[in-house]
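Here are the chains, one letter per residue:
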Amino acid sequence: MNFRIGQGFDVHAFAPNKPFILGGVKIEHSKGITAHSDGDVLLHAICDALLGAAALRDIGYHFPDTSKEFKDVDSRILLRKTYEILTNAGYTIGNIDSTICLQRPKILSYIPLMQQNIAHDLHMQLQDISIKASTTESLGFVGREEGISAHVNVLIYSNK
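Residues numbered from 1 in each chain as written. Predicted model: local features only at pLDDT ≥ 70, side-chain atom pairs only at ≥ 80, totals over all residues. Heavy atoms only, no water.

**Observations concerning the overall build of the chain**
In plain terms, the rule: Working definition: helices are DSSP H or I runs of at least four residues, strands are E runs of at least two. Numbering for both runs from the N terminus. Radius of gyration: over C-alpha atoms. The globule rule applied is 2.2 Å multiplied by the number of residues raised to the 0.38 power. Accessible area is worked out with a 1.4 Å probe on protein chains only. A residue is then buried under 20% of its type maximum, exposed over 50%, and partly exposed in between.
When helices and strands are tallied, the chain shows five helices and seven strands. From first element to last, N terminus to C terminus, the chain shows the α and β order β-β-β-β-α-α-α-β-α-β-α-β. In summary, the chain has a C-alpha radius of gyration of 15 Å against a globular reference of 15 Å for 160 residues, a match within 12%. In terms of overall dimensions, the chain has C-alpha extents of about 45 × 35 × 25 Å along its principal axes. Each of the 160 residues in the chain was classed as buried or not, and the buried ones make up 49%.

Written out as structure tokens, the structure reads:
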């Protein structure tokens, strides 16, 4: 079997009066995410990791932030489209391991729903999706609560 590993990263700034969507879940918080799409850093990083693992470019290539089509788009749509691109190229997803970096809010209670959304959209089992959260101990832009980032690693394999 031809295994491949991909890595994805995304970051967005927080802003008042914006929705905060993470893993396809609306998070209650005093700030939201500034972005061309809904700004879901977790799903964006997963898309990038999957596309990168298959050497199929990146999320900006397939879903450019200059396109009106993707203005305020639900990132779960982008995730499902990424899945189609990946499977059409002959790949299957093995597992996803992710870390979300944010100082606040605490997201532990939202993680199971995020896993369910991702499992549904990528036709995966829950036990193959890891989502962890970490603060930066009040350091940097994340620690100052100016933004959020996500780091993702994936394993895919070829069906060919």
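Let us keep going from here.
**Let's talk about the sheet that holds strand S7 (residues 147-158)**
Spelled out, the test is: DSSP-based pairing: two strands are paired if at least 2 bridges between them are found. Every axis in this analysis is a line fitted to C-alpha atoms, fitted for helices over the stretch in contact. Angles between the N-to-C directions lie between 0 and 180 degrees.
The strand order S4-S1-S7-S5-S6 describes an open sheet built from five strands, whose pairing is mixed. Sheet topology places strand S4 (31-33) and strand S6 (129-134) at the edges, where each strand pairs with a single neighbour. On average, each strand axis in the sheet is inclined to that of its neighbour by 25°, with strand direction left out of account. Sheet topology places strand S1 (residues 3-16) next to S7; 11 bridges connect them, and they run antiparallel.

**Some thoughts on a nonpolar patch on the surface**
The line we're drawing: Patch construction takes residues with relative accessible area above 30% that form no salt bridge. Like charges are linked within 9 Å, and nonpolar side chains (Val, Leu, Ile, Met, Phe, Trp, Tyr) are linked within 5 Å. Each accessible area value is a Shrake-Rupley result obtained with a 1.4 Å probe; residue values ignore everything except the protein chains displayed when judging cover. Every case where a carboxyl oxygen of Asp or Glu lies within 4 Å of a side-chain nitrogen of Lys or Arg is listed as a salt bridge.
Nonpolar side chains collect at one region of the surface, where Phe9, Val11 and Phe141 lie side by side and expose about 240 Å² of accessible area between them. Checked against the element boundaries, Phe9 lands in strand S1.

**Digging into helix H3 (residues 75-88)**
The α-helix winds at 3.6 residues per turn, so residues separated by three or four positions along the chain end up facing the same way. What counts is decided by this rule: By this rule, a helix spans an expected 1.5 Å times one less than how many residues it contains. Taken from the helix axis, the directions to the C-beta atoms give the arc we talk about. Pairs of residues are marked as contacts when any of their non-hydrogen atoms sit within 4.5 Å. Pairs of N or O atoms within 3.5 Å make up the polar contacts considered here, provided that, within protein, one atom can donate a hydrogen while the other can accept it, and that residues adjacent in sequence are counted only when both atoms are side-chain atoms.
With 14 residues, H3 should reach 20 Å at 1.5 Å per residue; the first-to-last C-alpha distance of 20 Å fits that figure. For H3, the full list of buried residues reads Ser75, Arg76, Leu78, Leu79, Thr82 and Leu86. Buried residues in H3, looked at end-on, bunch into an arc of 155°, giving them a common side. Of the surrounding secondary structure, the elements contacted by the buried residues of H3 are helix H1 (41-53), helix H2 (59-62), strand S5 (91-101), helix H4 (111-122) and S7. The backbone nitrogen of Arg76 lies 2.8 Å from a side-chain oxygen of the residue at the head of H3, namely Asp74.

**Describing the layout of surface pockets**
Under the convention used in this document: A cavity, in this analysis, means grid points on a 1 Å lattice covering only the protein atoms where a 1.4 Å probe fits yet has no way out; a pocket is instead an open set bounded by protein on both sides within 12 Å along at least five of seven lines, and a residue lines either one if it has an atom within 4 Å of a point. Grid points are joined across faces, edges and corners, and a volume is the space filled by probe spheres set on the points. The classification used treats Ala, Val, Leu, Ile, Met, Phe, Trp, Tyr, Cys and Pro as nonpolar, Asp, Glu, Lys and Arg as charged, and all other residues, Gly among them, as polar.
In this model, the largest pocket occupies a volume close to 200 Å³. Along the wall of the largest pocket there are 13 residues; nearest its centre are His36, Ser37, His44, Phe63 and Asp65. For the lining of the largest pocket, the elements supplying multiple residues, two or more each, are S1 and H2. For the lining of the largest pocket, the residue count by class is six nonpolar, five polar and two charged.

**Looking at H4**
For H4, with 12 residues, the first-to-last C-alpha span of 16 Å sits near the 16 Å given by 1.5 Å per residue. Taken as a whole, H4 has its buried residues at Ile111, Met114, Gln115, Asn117, Ile118, Ala119, Asp121 and Leu122. The inward-facing, buried residues of H4 contact strand S2 (21-22), strand S3 (25-26), H1, H3, S5 and S6. Looking at the residues trailing H4, positive phi occurs at His123, about 55°.

**Looking at the environment of Asp97**
By the element assignment, Asp97 lies in strand S5. Residue classification places Asp97 among the partly exposed residues on the basis of a relative accessible area of 30%. Sequence separation between Asp97 and Lys132 is 35 residues; the distance between their C-alpha atoms is 8.1 Å. Setting aside residues up to four positions removed in sequence, Asp97 forms contacts with Ser130, Lys132, His151, Val152 and Asn153.

**Re the nonpolar core**
Rules: Only buried Ala, Val, Leu, Ile, Met, Phe, Trp, Tyr and Cys residues count toward a nonpolar core, and they belong to the same one when joined by side-chain atoms within 4.5 Å.
The biggest cluster of nonpolar side chains holds 44 residues, and the ones touching the most others in it are Leu22, Ile46, Met114 and Ile118. Those elements giving two or more residues to this core turn out to be H1, H3, S5, H4, S6 and S7. With sequence-adjacent residues up to four places away left out, Leu22 is seen in contact with Ile27, Asp40, Val41, Leu42, Ile100, Ile107, Met114 and Ile148.

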